[in-house]
Every structure is written in structure tokens, then in C-alpha cells.
Amino acid sequence: MDARPSVNAVANKAKGGGYESEDAYQNAELIFLDIHNIHVMRESLRKLKDICFPTIDDAHWLSNIESTHWLEHIKQILAGAVRIADKVESNKTSVLVHCSDGWDRTAQLTGLAMLMLDPYYRTIKGFEVLIEKEWLSFGHKFSQRVGHGEDKHSDADRSPVFLQFIDCVWQMTKQFPNAFEFNEHFLITILDHLYSCLFGTFLFNSEQHRMKEDVKHRTVSLWSFINSQMEEFMNPLYASYIHQHVLYPVASLRRIELWTGYYLRWNPRMRPQEPINLRNRELLMLKNQLQRRIEDLQREVEAKSRKSSLLSPSRRMASPMHHAHTLNR
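Presented here is an overview of the structure given in this document.

### Quick notes on the packing of aromatic side chains
Under the definition given, this model contains 22 aromatic pairs. Aromatic pair Phe 127 and Phe 182: ring centres 4.9 Å apart, planes at 45°, arrangement tilted. A residue pair is termed long-range when its members are at least 10 positions apart, and Phe 127 in helix α6 (residues 124–136) and Phe 182 in the loop between α8 (161–175) and α9 (184–196) qualify at 55 residues. The burial state of Phe 127 is the same as that of Phe 182; both residues are buried. Pairing Trp 259 with Tyr 263 gives two aromatic rings, centres 6.3 Å apart and planes at 85°, and the pair type is edge-to-face. For Trp 259, a relative accessible area of 0% corresponds to the buried category. Classification of Tyr 263 by relative accessible area gives buried; the value is 16%. Connected via pairs of aromatic rings, a cluster forms that spans Phe 127, Trp 135, Phe 142, Phe 162, Phe 165, Phe 180, Phe 182, Phe 186, Phe 202, Trp 223 and Phe 233.

Take a look at the structure:
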């Protein structure tokens, strides 16, 4: 799976790069996933920011969103990940994924495909492992792409690669509301601290740089902060026993939505009247109460079952004795 548009791959070949030839690999299939490069994505996010802040043009809202092409890019990334997951699950084949460099679109696609394939990564701790594995350890250049400590907003190396990944995850939570242990607040918290630099998790460009700067001992991990208050980030609708199978989200513009809870959260007209976190907390409390009630009822049923099983042998013993006594008489 080559994440690039085929036109870009051909252009890269002219510059000394290239792509695999199906003739050189037996039983191999080359597929271009048509995901655009970091410069196109950066410009798309800039347009999205312009229509969301400081004011919203209600009369042209939908056409303005369409003009940014943001949702089209999200759809294309999701569609690519679905193709990878389907090849692994349905065809039982190995899949090699790459883009031009290997740490931007590649991490998006492999991370999303793993999320679709394995329910472990849909838990809070599993998702933390996924980010550590496919983004941090794999070498995504967070410092370059986010611009930590830099005031050059037009820097050509900046791009919302990780933001798009989290947006795609949010799209999946909308389509499968019971399949994820974490809630929207969890995803927004990760993005907030991608930019805040309060934690060492997303600092620097690689594992080598983080080890050199002793980030592990000189800073606090974002996961420590999240794991110390897990209930804040839990989805009250999560039902792990239902969704142990592979998830195939619908990668269609009919199902892709603008993430207003993130991009428009500071707009007072778009803010929900009741805080979602408060409602989630109430639902979690209710869920826990119902869970405890179920466990109590299960214990009652088990106790009654044990009691009846203890009584039944004595009844079976009593019947022959009574019959013999009647015969003797």
C-alpha cells in the first residue's frame, strides 16, 4: 500500500525516488491510496481555521466546509486504513505500508488499521500503547510537524498529520459508539497536550532525541496524568463484549462529519448547553450502580443454585427409603 497519489509517486521517481514494480515481486499487488502530502494538508487546515474563527458565515457554512477539502482528506485516510484492515482480515495477506518518508501517512494508516483489527487498542491503555508504538517509537517528527518552541507559523515542515489521525479515530467512535472505552474528552485532551508541552510525551522528533534529553526522568508522561483519573475519560456506552470483532467504518462523505466538539468548541453558539463531561460522569455512575445490581443478582442466583443442589441428593435418598418402609409394612 503506497499512501501517495500515483501522480506524486511518478514525480518522486523523476527526482530519484520511486515506487515498487509489481513485476519485481511475485504475487504482489501495488495500490496507491491517494492521500495528499503534508503541504496540501497544512493548507486545508488553514482554510478550516479561517471559516471557524473568529466568526462563522452561516449562509455559506456547508460550501465553506467543502472548499477546505478537510473532510475529503479524512475520508481518504479512513478509506486507506479500511483497505489495509480488509486485506489482513479477509484475505489473510501481509501488507507493506509506506509513503514518501515513512513517518507521516504511514503512521496514520497503520495506527487506524490496528484500531480496526484489534479491540485491545480501543481501550484507554491500549490506545496509549498504539500511540507509543506507531507514532513515538516509529519516529513521527512531532517537533517538526507541530512546531514546538517555534514561532514560524508558515514553516513548510508543519502539518496536522497527528491531528488527522485523531480526527479519524473520532469518526470511528461516532460510527461505533459502544466499541471504544475512551470518550471524546480523552481525544481532545491528547490533542491539547500535543501543543501544550506540559508533558514530555510528544516532545522532540524521535526516540533518540527523547533519550538524549532524558525526557523520561525530566518530564511527566501524559499517560500518567490520564491514568490517574481514568473515569474522566471513560465512555459510559462502552460494551467490550459486543465489539470483539473487526470494525469497518464507512469511509464516505455521507458519514464523515466535521468534529465541531474540537474545531468549534470555543464558539459559544456551538457549545452544548450542558457539559458533556458532566453527563458522562452521571451515566458512568448509573452504569456502575446497574453493574453492581447485576452482580448482586448473579450472586443470589448462584447461592440458590448451590442450595438446591445440596438439597437434591437428600431428596433422592429419601424416596427409596420411604418406598422400602412401605413394602415392609
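### Digging into the nonpolar core
Ranked by internal contacts, the top residues of the largest apolar core, which has 71 residues, are Phe 127, Ile 131, Phe 162, Phe 165, Ile 190 and Phe 202. Among all residues touching Ile 131, those that are not within four sequence positions of it are Leu 136, Phe 162, Phe 165, Ile 190, Phe 202 and Trp 223.

### Considerations on the state of the cysteines
For the coordinates displayed, the defined rule picks out zero disulfides. Residue Cys 52 stays outside any disulfide, its sulfur separated by 17 Å from that of Cys 168, the closest cysteine. Using a relative accessible area of 8% as the deciding quantity, one classes Cys 52 as buried. The thiol of Cys 168 is unpaired, and the distance to the nearest cysteine sulfur, on Cys 99, comes to 15 Å.

### Quick notes on the pattern of salt bridges
When the charged atoms of two side chains lie near each other, side chains of opposite charge can form a pair. Tallying each qualifying case throughout the model produces twelve salt bridges. With a closest N to O distance of 3.9 Å, Glu 89 and Lys 92 form a salt bridge. For the salt bridge of Asp 192 with Arg 265, the shortest nitrogen-to-oxygen distance reads 2.5 Å. Of the two residues, Asp 192 is situated in helix α9 and Arg 265 in the loop between α13 (260–263) and α14 (276–328); the sequence distance between them amounts to 73 residues. Overlapping salt bridges, with partners in common, bring together Glu 43, Arg 46, Lys 49 and Asp 50 in one network.

### Digging into the environment of Tyr 248
Tracing the backbone shows Tyr 248 in the loop between α12 (222–227) and α13. For Tyr 248, a relative accessible area of 33% gives the class partly exposed. Along the backbone, Tyr 248 and Arg 218 are 30 residues apart, and their C-alpha atoms lie at a distance of 41 Å.

### Section: unusual backbone geometry
Look at the link from Phe 53 to Pro 54: it is a cis peptide, with omega at 0°. Tracing the chain through its elements places Pro 54 in the loop between α2 (38–52) and α3 (61–68). Of note in the backbone geometry, Asn 27 takes a positive phi value of approximately 60° without being a glycine. By the element assignment, Asn 27 lies in the loop between α1 (6–14) and α2. Exposure remark for Asn 27: the relative accessible area of 80% places this residue in the exposed category. Of note, Asp 214 is a non-glycine position whose phi angle comes to about 55°, a positive value.

The rules behind each value
Residues numbered from 1 in each chain as written. Predicted model: local features only at pLDDT ≥ 70, side-chain atom pairs only at ≥ 80, totals over all residues. Heavy atoms only, no water. Phe/Tyr/Trp six-rings, centres within 6.5 Å; stacked < 30°, edge-to-face > 60°. Helix = DSSP H or I, 4+ residues; strand = E, 2+ residues; numbered from the N terminus. Buried < 20%, exposed > 50% of the residue type's maximum accessible area, 1.4 Å probe, protein only. Core = buried A, V, L, I, M, F, W, Y, C linked by side-chain atoms within 4.5 Å. Contact = heavy atoms within 4.5 Å. Disulfide = S-S within 2.5 Å. Salt bridge = Lys/Arg side-chain N within 4 Å of Asp/Glu carboxyl O.

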